[in-house]
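Observations on chain architecture
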Amino acid sequence: MLRQQDVGHRIVVRRIVGIREGRPLFSDALGELVELSETHLTLSTARGQLRVPVAQVHRAKRVPPTRRPTAAAVVALERAADEAWPAPTRDRLGEWLLRSADGWTGRANSALPIGDPDRPLPAAVDAVERWYAEQGQPPMINTPLPLAAPVCTELDARGWGVRPPTLVQTAPLPLLTTASAEAPPALTVSANPPTADIPAAGLPDGGGHVTVSADQTSATDGHTATDQARAAGGHGDAVGDQARAAGRHGDAGSDAVVELASAPSEAWLAVAAGRKGGLPDAARHVLTAVDQVRFAHVYADGSLMAIGRGTVTGQGRWLGLSLIEVLPVARRQGLARRLIHELAAWGVSSGATHAFLQVEQRNTAAVALYQRLGFTTHHTYLTRFAPNSQR
């Protein structure tokens, strides 16, 4: 029988679905175990989430994981992620990407070593070090694994440091648009979403992937954050998508409304700045320089309670989720789930078929949340930094 340590792994379940002529009828289901309780188990399958009462389980066991994605699939997803988080200063080293954003986030300030750098590997790393020196920044390289394993070997020999592993997780969008069935189903619409300029601020460390604590999500590189935000900000003339989600907000004491806007409001930026320690000028480019982007605002009683960002890149295939944050007063009420659901619905309407996000492996609360939503790990990456250069 299954145990808690099987959560997060592929399993096969034979369940009793009926009785015919006094004999049980069985049906088999294959998927990733995302939740296991005394009464039910939940699988993420190719057709969506399946919740099975334990009393109906005839047999269940762990099975080997699916094969790893091809190198081409990893490259395609990494390039889609780069499009979704575009650094304002960019260069190429053969097919490698060199990226700088005034130190704002790890992903926008690191080289992406995929493809041929047009020179031997040691010379390529030398060139990366020189380029970042010219930018006045410490050299960093993001190494997707196992694709960039040879690069990691070279960096190990040079004494480069390493940050905790990051999971690049994916889910089919039809799954995400139905996975929020547990969220309140009542719908409202709010138009005219807000917009504002991004204020200059200090330079935080970190990347743009998603982390969570309990039912809260935020975009950091795993660092402890200061949860501060303003719940105000005027509405401007940005063109927005009318939201499709609202419901009782629990402790907030009112209906919460999700708005999708083509530009962030001042309140949205305040939440992001509080989480990331500030927003420098380069942040505006990173956040907004994507052809298809939406900024999710969740309001309750006129106050902003949660934010999120969605992009569609990779030739229209990939919805990227980032900067998802729920304020402390509004956590554990399903707002992160509903916000992701709304961004997923927008992604589907824009032609995307899959979603991706990035989360540190050690952030077990985040991994558990995304497993419940149907995300699985596509590949991992390590952020490497030159000796004596970590901020």
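Summary of the structure given here. All of these numbers come straight from a predicted model, not from anything done at the bench.

1. Details of unusual backbone geometry
Cis peptide bonds are those with omega within 30 degrees of zero, and the linkage from leucine 145 to proline 146 qualifies with 0°. Looking at the element boundaries, proline 146 is found in the loop between strand S8 (140-145) and helix H3 (149-157). Despite not being glycine, threonine 105 has its phi angle at roughly 75°, a positive value. The residue threonine 105 is located in the loop between strand S7 (96-100) and helix H2 (121-134) in this model. For threonine 105, a relative accessible area of 2% puts it in the buried group. The phi dihedral of leucine 323 is positive, around 50°, even though this residue is not glycine.

2. Brief notes about the pairing of S7
Most of S7 is tucked away, with 5 of its 5 residues classed as buried. Both faces of S7 are covered, namely the face carrying Trp96, Leu98 and Ser100 and the face carrying Leu97 and Arg99. Of the pairings in the sheet, the one linking strand S6 (residues 89-93) to S7 comprises 5 bridges and is antiparallel in character. Along S7, the bridge assignment pairs leucine 93 with tryptophan 96. Two successive antiparallel strands, S6 and S7, enclose a turn made up of 2 residues, where glycine 94 displays a positive phi of approximately 65°.

3. Considerations on the pattern of salt bridges
For the coordinates displayed, the defined rule picks out 9 salt bridges. Salt-bridge contacts for glutamate 154 lead to arginine 158; the nearest nitrogen and oxygen are separated by 2.7 Å. Residue classification places arginine 158 among the partly exposed positions, given a relative accessible area of 24%. Among the salt bridges present, the one from glutamate 325 reaches arginine 331, with a minimum N-O distance of 3.7 Å. A relative accessible area of 3% places glutamate 325 in the buried class. Residues joined in a network through salt bridges with shared partners are Asp126, Glu129, Glu154 and Arg158.

Criteria and cut-off values
- All chains use their own residue numbering, which begins from 1 and follows the written sequence.
- Since the coordinates come from a predicted model, pLDDT governs what is reported: local features require at least 70, and pairs of side-chain atoms require 80 or more to be given and counted, while whole-chain, interface and lining totals use all residues.
- In computing side-chain values, all of the structure's heavy atoms are included and hydrogens and water are not.
- Each helix is a run of H or I in the DSSP string that is no shorter than four residues. Each strand is a run of E no shorter than two, and both are numbered from the N terminus.
- Think of it in three bands: with a 1.4 Å probe and only protein chains considered, a residue is buried below 20% of the maximum accessible area for its type, exposed above 50%, and partly exposed in between.
- Any two strands are treated as partners once DSSP identifies two or more bridges connecting them.
- The term salt bridge refers to a side-chain nitrogen of Lys or Arg lying within 4 Å of a carboxyl oxygen of Asp or Glu.

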